[in-house]
Amino acid sequence: MRVLDTAALLYWPASEITHGICSVSQQVELERVSPQRYMLINSLEIDWRIPDPSWIDEARNRAAESGDLPRLSNVDIDVLALAIGLNAPLYTDDYRLQNAMQMAGLETHPVGVKGAKQVWQWELRCSGCGSTEPVPADVKSNRSGPVKDCVSCGAPMMLKRKKR
Ligand SMILES: [Zn+2]
C-alpha cells in the first residue's frame, strides 16, 4: 500500500502505478497537466480515494508544524492526508511534502524523476581542431573511441555531451 503523488502518475510506468493510492483531486490536476496521460491513467487500476475530513485536518496540522502549509496546494494536502490517514508511505519529489511526512513520523520516498527531467544532448567533437557537428542518424553504437574522422582536419571525432 502506497500513496503516489502526481509526479509518479506522470512519469512512472503503468505497472508501477497500478494499485497505487491516489486522491480523486489528482485526476483534475493530471487532466490539466497532461490530457493524454490522464486517459492512460484512467485505464489503470488505481485506488482513487477522497480523504476523510479528519485526515485533512491532521495533514494541515502536520504541515503547519513543519511550516510547509502555506506552500502546499489543496491537492498536496489531499495526498498528504491519504498518507497520514492510511499510515502509508508517500512517493513524492516535493520537498515540502517530504518534510511534512517526516514531521508526522511517516515514511516517504522520492518518485525519482530528477534524472528524467535532466535531459542533455550529445554531439561529435573533433579531438584535433575542436569543431563540432550533430550526431549522424546512422552512427554506429560505440560507447568509447572515435566515431568518425573530422572533415576539416582528419583527426578523430568523439561523442561528447553538448555544451550549453
Ligand atoms: Zn578537426
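Fair warning: this is a prediction, and the values are worked out from it, not measured in the lab.

The rules behind each value
All residue numbers refer to position in the chain's written sequence, counted from 1. At least 70 in pLDDT is required for a residue's local features to be given in this predicted model, at least 80 for side-chain atom pairs to be given and counted, and no such filter applies to totals for whole chains, interfaces and linings, which use all residues. With hydrogens and water excluded, all non-hydrogen atoms of the structure serve as input to the side-chain values. Counting from the N terminus, the helices are DSSP H or I runs at least four residues long and the strands are E runs at least two residues long. Think of it in three bands: with a 1.4 Å probe and only protein chains considered, a residue is buried below 20% of the maximum accessible area for its type, exposed above 50%, and partly exposed in between. In what follows, a contact means two residues having at least one pair of non-hydrogen atoms within 4.5 Å. Here, Shrake-Rupley sampling with a 1.4 Å probe gives the accessible areas, and only protein chains in the shown set may cover a residue. Coordination partners: N, O, S within 2.8 Å of the metal, 3.2 Å for Na, K and Ca; water not considered, so apparent gaps in a site are possible. Square planar and octahedral sites, with four and six donors, are those where opposite donors lie more than 155 degrees apart and all other angles lie between 65 and 115, tetrahedral sites have four donors with every angle between 85 and 135 degrees, and the rest are irregular. Every axis corresponds to a line fitted to the C-alpha atoms, with the helix fit spanning only the stretch in contact, and the corresponding angles, defined between N-to-C directions, vary from 0 to 180 degrees. Angles below 35 degrees are treated as roughly parallel, those above 145 as roughly antiparallel, those between 65 and 115 as roughly perpendicular, and all remaining angles as oblique. Handedness of each helix crossing follows the sense of rotation of the near helix against the far helix: counterclockwise by less than a right angle gives left-handed, clockwise gives right-handed. Each residue receives one of three labels: charged for Asp, Glu, Lys and Arg, nonpolar for Ala, Val, Leu, Ile, Met, Phe, Trp, Tyr, Cys and Pro, and polar for the others, Gly being one of them.

(A) The arrangement of the overall build of the protein chain in detail. When its secondary structure is counted, the protein chain shows eight helices and nine strands. A burial count over the protein chain gives 39% of its 164 residues as buried. Of the contacts made within the protein chain by residues no fewer than 6 positions apart, 53% connect residues no fewer than 24 positions apart. For the protein chain, the exposed area adds up to about 9900 Å²; of that, 50% sits on carbon and sulfur atoms.

(B) Main features of the coordination of the zinc ion. For the zinc ion, the full set of protein donor atoms is Cys126 (SG), Cys129 (SG), Cys150 (SG) and Cys153 (SG), at a range of 2.3 to 2.4 Å. Taken together, the four donor atoms surrounding the zinc ion define angles of 99 to 117° at the centre, an arrangement classified as tetrahedral. The sequence pattern formed by the donor residues of the zinc ion is C-x2-C-x20-C-x2-C. Of this pair, Cys126 sits in strand β6 (residues 122-126) while Cys153 is found in the loop between β8 (148-149) and β9 (156-161), placing the two residues 27 residues apart along the sequence.

(C) Inspection of the packing of helix α3 (residues 24-33) against helix α6 (residues 74-86) at higher detail. At a minimum axis separation of 9 Å, α3 and α6 run at an interaxial angle of 140°. Put simply, α3 runs oblique to α6. Where α3 crosses over α6, the handedness of that crossing is left-handed. Contact residues: Ser25, Gln26 and Glu29 in α3; Val75, Asp78 and Val79 in α6. Broken down by class, the residue content of the contact of α3 with α6 amounts to two nonpolar, two polar and two charged.

(D) Geometry of unusual backbone geometry. The phi dihedral of His19 is positive, around 75°, even though this residue is not glycine. Among the secondary structure elements, His19 is positioned in the loop between α2 (14-17) and β2 (21-23). Relative accessible area serves as the criterion here: at 57%, His19 is assigned to the exposed category. Positive phi outside glycine occurs at Asn87, with the angle close to 55°. Mapped onto the elements of the fold, Asn87 is located in the loop between α6 and β4 (90-91).

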